[in-house]
Amino acid sequence: MYEFDYHRAASLADAVSQLKQVGDSKPLAGGMTLLPTCKMRLARPAKLVDLGAIAALKGIVISDTHVTIGAMTRHADVAASRELAAALPALCVLAGGIGDPQVRNRGTMGGSVANNDPAADYPSACLGLGATIVTDRREIAADDYFQGLFQTALEEDEIIAAIRFPRPDCAAYVKFKNPASRYATVGVFVSRKGSDVRVAVTGAGSDGVFRVAELEAALAKTFAPDAVASIKVPGDGLSSDMHGSAEYRAHLIPVLAARAVEACK
Amino acid sequence: MQSVTLTINGQKVTADVEPRMLLVKFLREHLRMTGTHVGCDTTQCGACTILFNGDAVKSCTMLVVQADGGTVTTIEGVAQDSKMHPVQEAFHIHHGLQCGFCTPGMVMRTLDLLAKNPKPSEEDIRHQMEGNLCRCTGYHNIVAAVQAASGQTPVGH
């Protein structure tokens, strides 16, 4: 790692002010991506501003209509929350499948969503539930937030405070995971609220997470696995790598969407 | 340099460290506690697993400064009065190791797993041990050791 300065922020305001003071400084959440990136010398932050001690950024609040999760809530806490398992179980399942237990004991929802890895799990939940990204200064709809590979609507010195998910009638996340990294080769998040159906896909897009209008329309008409199983999703614009071609990933999308519909609760 | 104070295996330790120093490097090279291993150094293999505030984490992917004020347990702190911990005993009896390189991490991970899920099923164990790689055993005896350590009859016995 290159040298850097370190500051443990006492509050969200303190963290933002630190980021404003030093150019090339970065907020440090769980560090499950940022620290390996620094170790490989692919990043050279001048200063890391640690968000780990800001208690206000942790926790899960459930109301009749929404679930709000603090940005520094760890995957392990999301996976293990009994209240969340009753209100929005798809999020628990998703969180419990990220990385491995040690990673889930450090990694956070805000860190994952701020990083916007094209194969990360949480972006699909945000887009698939129509979540709102709450930052230190504004609220951003998930539909406007994800802007390509590792690109988001966040400004350089903007920090996610929480993510607010509307509670659906039912939802599910199914991923075909890379057996080594357990990142999504393809992951599909499906939710239904009344006649509004959202289908968000991670792992497959060469531009990051995206919605599939054709699958959403078919499921809005008939919310059943058979409604999507025979829909062909084109491979254009999907990613190809050693783990699977664009066509392979395209094939997996309706297959996993059907499984997600089956698993919806 | 930054001053940090941690409680490691029950002992208070204070030191001045560079912000970029990894926790595992601090344990091994500053404190000379070499029971915690570095396998892959890329957050994958789990050989460097320790307990931080009771949770299993990979100490190759955590800065010492992040751990400031916290509690760390390493493999050196597991046996009491030269008597092996039941988890260590189970790995020994069920031959849950061959070369032993991954074993400190496996034991630390098992302690966290059993603290949160005292009677895990075989499926739970396999899922919950995913962050620890073993290149010798094929995992079967590791699963058996975890089952035995949780007071259950090991697979295939």
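Residues numbered from 1 in each chain as written. Chains lettered and ligands numbered in written order. Predicted model: local features only at pLDDT ≥ 70, side-chain atom pairs only at ≥ 80, totals over all residues.

Enquirer: Just give me the short version of the overall build of chain A, but keep the residues and values in it.
Expert: Along its length, chain A carries 12 helices and 12 strands. Against the 2.2 N^0.38 benchmark of 18 Å for 265 residues, chain A shows a C-alpha radius of gyration of 18 Å, consistent with a compact globule. Expressed as lengths along the three principal axes of its C-alpha atoms, the size of chain A is roughly 55 × 45 × 30 Å. Here chain A holds 265 residues, and the buried ones make up 54% of them. Relative to all contacts within chain A whose residues are 6 or more apart in sequence, the contacts with residues 24 or more apart total 61%. (Helix = DSSP H or I, 4+ residues; strand = E, 2+ residues; numbered from the N terminus. Rg over C-alpha atoms; globule rule 2.2 N^0.38 Å. Buried ≥ 20, exposed ≤ 12 C-beta atoms within 10 Å, placed from the backbone. Contact = placed C-beta atoms within 7 Å.)

Enquirer: Can you lay out the overall build of chain B for me, pointing to particular residues and giving the numbers?
Expert: For chain B, the count of helices and strands is 6 helices and 5 strands. Its helices and strands in sequence order give chain B the pattern β-β-α-β-β-α-β-α-α-α-α, from N to C terminus. Against the globule reference of 15 Å for 157 residues, chain B gives a C-alpha radius of gyration of 16 Å, in line with a compact fold. C-alpha atoms of chain B, sized along the principal axes, occupy 55 × 30 × 25 Å. Here chain B, with 157 residues, has 47% of them falling under the buried criterion. The contacts of chain B with a sequence gap of at least 6 include a subset with a gap of at least 24, amounting to 58%.

Enquirer: A description of the sheet that holds strand S8 (residues 160–166) of chain A should follow, citing residues and the corresponding values.
Expert: Residue and element names in this part refer to chain A. Ordered in space as S4-S5-S8-S6-S7, the 5 strands form an open sheet in which the pairing is antiparallel. Of all the strands in the sheet, the pair left with one neighbour each is strand S4 (60–62) and strand S7 (139–141). Each neighbouring strand pair of the sheet contributes to a mean axis angle of 20 degrees, computed without reference to strand direction. Of the pairings in the sheet, the one linking strand S6 (residues 132–135) to S7 comprises 3 bridges and is antiparallel in character. (Pairing = 2+ DSSP bridges. Axes fitted to C-alpha atoms, helices over the stretch in contact; angles between N-to-C directions.)

Enquirer: Run through the domain arrangement of chain B, naming residues and quoting values.
Expert: Residues and elements named next belong to chain B. Each domain of chain B was delimited in the assignment, giving domain 1 (2–77) and domain 2 (86–149). Across the boundary between the two partners, domain 1 contributes 15 residues, which contact 12 residues of domain 2. At the level of secondary structure, the elements contributing two or more residues to the side of domain 1 that touches domain 2 comprise strand S3 (49–52) and strand S4 (55–58). Element by element, the count of residues in the side of domain 1 that touches domain 2 is highest for S3, at 3 residues. In terms of residue class, the side of domain 1 that touches domain 2 is built from 7 nonpolar, 7 polar and 1 charged. (Domains from an automatic or database assignment. Nonpolar A, V, L, I, M, F, W, Y, C, P; charged D, E, K, R; others polar.)

Enquirer: Give a description of helix H12 (residues 246–263) of chain A that names residues and reports values.
Expert: Residue and element names in this part refer to chain A. Between its terminal C-alpha atoms H12 stretches 25 Å, which fits the 26 Å expected from 18 residues at 1.5 Å a residue. Residues of H12 that are buried: Arg249, Ala250, Leu252, Ile253, Pro254, Leu256, Ala257, Ala258, Arg259, Ala260 and Val261. Those residues of H12 that are buried are in contact with strand S9 (170–177), strand S10 (184–193), strand S11 (196–202), helix H10 (213–221) and helix H11 (225–229). (Expected span 1.5 Å × (residues − 1).)

Enquirer: With reference to specific residues and values, describe the domain arrangement of chain A.
Expert: For chain A, the assigned domains are domain 1 (5–50) and domain 2 (169–265). Put simply, the middle of domain 1 of chain A and the middle of domain 2 of chain A, counted by C-alpha atoms, are 34 Å apart.

Enquirer: I'd like to hear about the interface of chain B and chain A, residue by residue, with values.
Expert: Taken residue by residue, the interface counts 19 residues in chain B and 17 residues in chain A. Listing elements by their share of the side of chain B that touches chain A, those giving two or more residues are S4 and helix H2 (64–67) of chain B. The element contributing the most residues to the side of chain B that touches chain A is S4(B), with 4 residues. For the side of chain B that touches chain A, the per-class residue count stands at 5 nonpolar, 9 polar and 5 charged.

Enquirer: I'd love a proper account of the environment of Gln18(A), names of residues and values included.
Expert: Residue and element names in this part refer to chain A. Looking at where Gln18 falls in the secondary structure, it is placed in helix H1 (residues 12–21). Between the C-alpha atoms of Gln18 and Arg8, which are 10 residues apart in sequence, the distance is 9.9 Å. For Gln18, the contacting residues outside a window of four places in its chain are His7, Ala9, Ser25 and Val49.

Enquirer: Could you give me a rundown of the nonpolar core, with the residues and numbers involved?
Expert: Residues and elements named next belong to chain A. Ranked by size, the top nonpolar core spans 130 residues in total, and within it Cys126, Ile163, Val188, Val190, Ile253, Ala257 and Ala260 carry the most contacts. Ranked by the residues each element gives to this core, the list is headed by H12, at 8 residues. Contacts of Val188, omitting those with residues within four sequence positions, involve Val174, Val199, Val201, Ile253, Leu256, Ala257 and Ala260. (Core = buried A, V, L, I, M, F, W, Y, C linked by C-beta atoms within 7 Å.)

Enquirer: Break down the sheet that holds S3(B) for me, with residues and values.
Expert: All names here are of chain B. Strand order in this open sheet of 5 strands is S2-S1-S5-S3-S4, and the pairing throughout is mixed. With partners counted over all chains shown, the strands left at the sheet margins are strand S2 (11–17) and S4, one partner each. When the angles between neighbouring strand axes are averaged without regard to direction, this sheet yields 40 degrees. Here 2 bridges tie S3 to strand S5 (residues 71–73), and the two strands are oriented antiparallel to one another. Directly across from Leu51, in S5, lies its bridge partner Thr73. Packed onto the sheet, helix H4 (residues 103–116) meets S3 and S4 and runs at close to 35 degrees relative to S3.

Enquirer: Mind laying out the environment of His7(A), listing which residues take part and the relevant values?
Expert: All names here are of chain A. Mapped onto the secondary structure, His7 falls in strand S1 (residues 5–8). Of the residues examined, His7 has 20 C-beta atoms within 10 Å and is grouped as buried. Counting along the chain gives 20 residues from His7 to Pro27, while the straight-line C-alpha distance between them is 9.6 Å.

Enquirer: Lay out helix H5 (residues 89–96) of chain A with the relevant residues and their values.
Expert: Residues and elements named next belong to chain A. Across the 8 residues that make up H5, a large majority, 6, are buried. Every buried residue of H5 is listed here: Ala90, Leu91, Cys92, Val93, Leu94 and Ala95. Here the buried face of H5 lies against helix H3 (75–80), helix H4 (82–87), helix H6 (101–104), helix H8 (122–129) and S9.

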